[in-house]
Amino acid sequence: MEKQDCSCSIDTSIGKKRKFDFLPVALLSPTILVVLIVMIIPLIYGLFMSFFDYNIGAKATSEDFVGIDNYISLIQDPVVWKSVKNTLVFTLFATGGDIIVGTIIAVLLLRVSTSISRVTRAIYTMPLLISPIVIGLIWRYMYDPYSGIIYWILHFFGIGLAEFPGVTGQSTALLSVIIAHWWQIVPYVLIVVTAGLVSIPKELYEAARIDGASEMKSFFRITLPLLKNVYMVILITSGVGSIMVFDLIYSLTQGGPFNSSISISMYAYQNAFELSKMGHAMTIAILAVVLAFIVFGIPFIKFNTAHDGGDR
Amino acid sequence: MKMKLVAFVLAIVLVLAVFSGCAKEEPKQTEPGEQVTDGETPDVETPAEMPEIVLSRWAGPHADDQKTVFANYDKAELIVDDIDYGNLKQKQILSLSASADADYDLVWVHPTWLAEYIENEWILPLNDLIEENGVDLSIYGQGMLDSDTVDGQLYGIPTFAQTLIITYNKEWFESEGQSVPTTVDELIETAKYFKEQGTGIALPAKQGSAAVGLFNQILFSASGDYFDEDGNVDLTSDAALYAADLYDQMCMYSIEGSTAWHHDEVSAAVREEIAPFGICITGLAYQDTDPELSKIVDKVGYAPIPGRDALIGQMDFWTWSIAANSDNIDAAFEALMWITSEEVEKEQALMNYQLTNINALAEDPEVTSIIPFLPAASATLADGKLAPTSATAAQIKEDLIVALSEIATTDTPSDEIMAQLQESVKDLTNN
């Protein structure tokens, strides 16, 4: 590779005091400001307020300062850990399902004729236009054992409420929420993966075919590795959304039955707005942020570092 | 260098653009809940001297009816900000706790929120205003007024009473040779009979407050409470264990799907002839006789839920209170007394079967003739009891919600679950 000629700038700076370049700072300042105002400051505020025991709407005073008591009660609260477990299970299966189902549909749609795939893709992406809370309500009626379409379809396979309790049973409530989530998010994955698929050069597949590689082998050796960056974007956007899941659970199960589908965000909401325990709710919210950082933040940072280091 | 200068200027413009985007926009002359299209001129101009009173409540058909009635008020423009019930309390608190530019003058408060609102001085005591204006409170039912009174101060005017009653399909009962249960044993026997026939009783057994309402009604009717005489939590009392066991039995004989049902689904199940009977909230009973919503218009029947010791329903209602940070307290008070007057309450009762707290309306022939569930509701509310509203009770309620969900969806004995619940809340005292 030819080296870029940047000797002029190096030469002029030798022996001189280097001037501070304001331009990058000025160009980045709007972004920095926005991130600071809408993300960093609220996060620090939340962290600070997690050391107080106060009610929503009331002003926290020095008398309300409880140190790490909220964190101790966080550790001792069994519902917190149940919600963490549920959230991780939800994130794993929801995001995993999004990627697998989205990829399969995207690959299949690329194989049918353009006119069919265009219409089908447009239909598939319609759930993206609906807000999660409405999706929850739609699925609430779809899961209705007497008038919902789910049980109407399951009926043909001899499956009723006893075999698949859906949102009424502890064992299947979270799965029912995950299915509704797939319906909502798979279209997004479909769009992103399709964009990734069409950017893969056809020559690679032709070369593989000439070398005698099967279609399956081409998929696993060419398609999937080249979709790595696409999947990283999906993991960050859809994955973080999954770990913060609230509205779908709120409208579909309210965390029940017997907290079997409660998520961290749902539990934080209950503490904040139903019990007015803002301090406890703040600690739960901080836990959610930490969890999101561990599950998605660290891998993303690692990925980004590798990318900068020439992993291209 | 020239390019750098241009880029620098562009960057400055970007920064300024961000700031201007964050700047406070000139307020538009619109109100919460009002939809105004840009450039559209309102048809009717509000006279300049007419004050605007903004009311906060939950959205739904009842709110729409209320807006129609409120449009007749001629001393102020009553603007109803009706929002989703799930977000109502948060939005009210955000407005009530604001030191300036509060959104609301009147707020519709649930009794369980009242203690918190009073403690934070978000709503006004009405005694002085009532005295100054010579208002006659004797037209209202004293029980609900007492529930809105703390330390001798009345904090609002109650209305829109609700309670749980049995709604049943007369034709279905007759065809199965069943009669309306009048005792607890008969209630269980009837539920068991229908369960064996493939249906059962429809219950609001979803993890949520509706299930607690049913538990409370059973508990109160067994002369029980969350607390003992000393104010200590006692959820393993004879009455509490009885209530949990009865709730368990009802769940056992409930129609499939009940564990995911809130009030609206239970009412719909009876209305659509999915279930022969159910424990329904009176606030939704108006739909039973609407031919567009109901298949049981001519065959619906109502009865009180029988109690072990007495008929004591969980009384539920809403209270109109004045926001302490309202800019127009006198006009808000005048509007409050108008919207809770006999005339307005009767109009709403006739419009959507609203149960009011006006004594005279419970015996008004015009009202009783069109509200078929009024006798059952009145009997249940006569000695009704409000669910405990303290902060401690709120904590217990949250734990009870989960415990009742466990009772409804597992085989764990109800007394064992109540014992675990008692253990988790034993250190709480009623405040």
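A brief report on the enclosed structure follows. Within each chain, residue numbers correspond to sequence positions counted from 1 in written order. Labels follow written order: the first chain is A, the first ligand is 1, and so on. Given that the model is predicted, a residue must reach a pLDDT of at least 70 before its local features are reported, and side-chain atom pairs must reach 80 or more before they are shown or counted; all residues, however, enter totals for whole chains, interfaces and linings. Each side-chain value is derived from all of the structure's non-hydrogen atoms; neither hydrogens nor water enter the calculation.

## With respect to the nonpolar core
Residue and element names in this part refer to chain B.
So, step 1. Judged by nonpolar contacts, the single largest core of 80 residues is most densely connected at Phe70 and Leu106.
So, step 2. Put simply, DSSP H or I for four residues or longer makes a helix, DSSP E for two residues or longer makes a strand, and each gets a number counted from the N terminus. A per-element tally of this core places helix α12 (residues 329–339) first, with eight residues.
So, step 3. Any two residues whose heavy atoms approach within 4.5 Å are treated as being in contact. Ignoring any residue separated from it by four or fewer positions in sequence, one finds Leu106 in contact with Ile53, Val54, Leu55, Ser56, Trp320, Ser321, Ile322, Ala332, Ala335, Leu336 and Ile339.
So, step 4. Grouping buried Ala, Val, Leu, Ile, Met, Phe, Trp, Tyr and Cys residues that are joined through side-chain atoms within 4.5 Å yields what is termed a nonpolar core. Burial status follows relative accessibility: with a 1.4 Å probe on protein chains alone, a residue under 20% of its type maximum counts as buried, one over 50% as exposed, and anything between as partly exposed. Counting residues in each nonpolar core, the second largest holds 54 residues, with Ala205, Ile281, Ile396 and Ala403 among its members.

## Looking at a negative patch on the surface
Residue and element names in this part refer to chain B.
So, step 1. Here, patches come from residues exposed beyond 30% relative accessible area and free of salt bridges, joined within 9 Å for like charges and within 5 Å for nonpolar side chains (Val, Leu, Ile, Met, Phe, Trp, Tyr). Computed with a 1.4 Å probe, the accessible areas rest on the Shrake-Rupley method; for each residue, only the protein chains presented here act as cover. Salt bridges are identified by distance alone: a Lys or Arg side-chain nitrogen within 4 Å of an Asp or Glu carboxyl oxygen. The charge count includes Lys and Arg as positive and Asp and Glu as negative, but it does not include His or the ends of the chains. All charge positions are set by atom: Lys at NZ, Arg at CZ, Asp at CG, Glu at CD. Residues Asp128, Glu131, Glu132 and Asp330 make up a contiguous surface patch of negative charge.
So, step 2. By secondary structure assignment, the location of Asp128 is in helix α5 (residues 127–133).
So, step 3. Under the relative-accessibility criterion, Asp128 is labelled exposed at 55%.

## Overview of the interface of chain B and chain A
So, step 1. On the side of chain A, 37 residues touch chain B, which itself brings 35 residues to the contact.
So, step 2. Two parts placed together each lose some accessible area under a 1.4 Å probe, and the buried area is that loss summed for both. Each partner contributes to the roughly 3,000 Å² buried at the junction of chain B and chain A, and carbon and sulfur atoms together form 59% of this total.
So, step 3. Applying the counting rule to chain B against chain A returns two salt bridges.
So, step 4. Residue Arg140 of chain A pairs with Glu265 of chain B through a salt bridge whose shortest N-O separation is 2.7 Å.
So, step 5. In protein, a polar contact requires one atom able to donate a hydrogen and another able to accept it; more generally it is a pair of N or O atoms within 3.5 Å, and residues adjacent in sequence count only if both atoms are side-chain atoms. Applying the counting criterion to the chain B and chain A interface returns 10 residue pairs in polar contact (both at pLDDT 80 or more).
So, step 6. Those elements that provide at least two residues to the side of chain B that touches chain A are α1 (2–22), α3 (85–96), α11 (263–271) and α16 (391–409) of chain B.
So, step 7. Counting residues per element, the side of chain B that touches chain A draws most heavily on α1 of chain B, at eight residues.
So, step 8. Here the residues of the side of chain B that touches chain A sort into 15 nonpolar, 11 polar and nine charged. Each residue is assigned to one of three groups, with Ala, Val, Leu, Ile, Met, Phe, Trp, Tyr, Cys and Pro labelled nonpolar, Asp, Glu, Lys and Arg labelled charged, and all others, Gly among them, labelled polar.

## Focus: the pairing of strand β1 (residues 52–58) of chain B
Residues and elements named next belong to chain B.
So, step 1. A large share of β1 lies buried, amounting to six of its seven residues.
So, step 2. As defined by bridge partners, β1 adjoins strand β2 (residues 77–83) across seven bridges and the pair is classed as parallel. Across the sheet, residue Ile53 finds its bridge partner in β2, namely Leu78.
So, step 3. For the crossover that starts at β1, traverses helix α2 (residues 61–70) and ends in the parallel β2, the hand is right-handed. Should DSSP find at least two bridges between two strands, the strands are regarded as paired. Here is how to tell: hold the view so the strands point away, follow the path from the first strand over the helix to the second, and if it runs clockwise the crossover is right-handed.

## Considerations on the packing of aromatic side chains
Residues and elements named next belong to chain B.
So, step 1. Only the six-membered ring of Trp is used, alongside the rings of Phe and Tyr, when aromatic pairs are assigned; centres must lie within 6.5 Å, and planes under 30 degrees apart are stacked while those over 60 apart are edge-to-face, with the rest tilted. Under the defined criterion, the tally for this structure stands at 36 aromatic pairs over all chains.
So, step 2. The ring of Trp58 has Arg57 lying over it, and the distance from NZ or CZ to the ring centre is 4.2 Å.
So, step 3. For Arg308, the ring lying beneath its charged end belongs to Tyr242, and the centroid distance is 4.7 Å. Only lysine NZ and arginine CZ atoms are considered, and such an atom sits over a ring when it is within 6 Å of the ring centre and within 35 degrees of the ring normal.

## Comments concerning the sheet that holds strand β10 (residues 300–304) of chain B
Residues and elements named next belong to chain B.
So, step 1. One open sheet accounts for four strands, arranged β8-β9-β7-β10; its pairing is mixed. A strand with exactly one partner marks an edge of an open sheet, and here the two such strands are β8 (201–202) and β10.
So, step 2. Taken together, the five bridges between strand β7 (residues 164–169) and strand β9 (residues 277–281) define a ladder with antiparallel strand orientation. Within β9, the residue paired with Ile165 across the bridge is Cys280.
So, step 3. Docked against the sheet, helix α8 (residues 184–196) engages β7, β8 and β9, running at close to 120° with respect to β9.
So, step 4. Convention adopted: a line fitted to C-alpha atoms gives each axis, helices being fitted over their contacting stretch, and angles between N-to-C directions are expressed from 0 to 180 degrees. Helix α15 (residues 374–382) contacts β7 and β10 of the sheet and is inclined by roughly 15° relative to β10.

So yeah, pure geometry; function would need other evidence.
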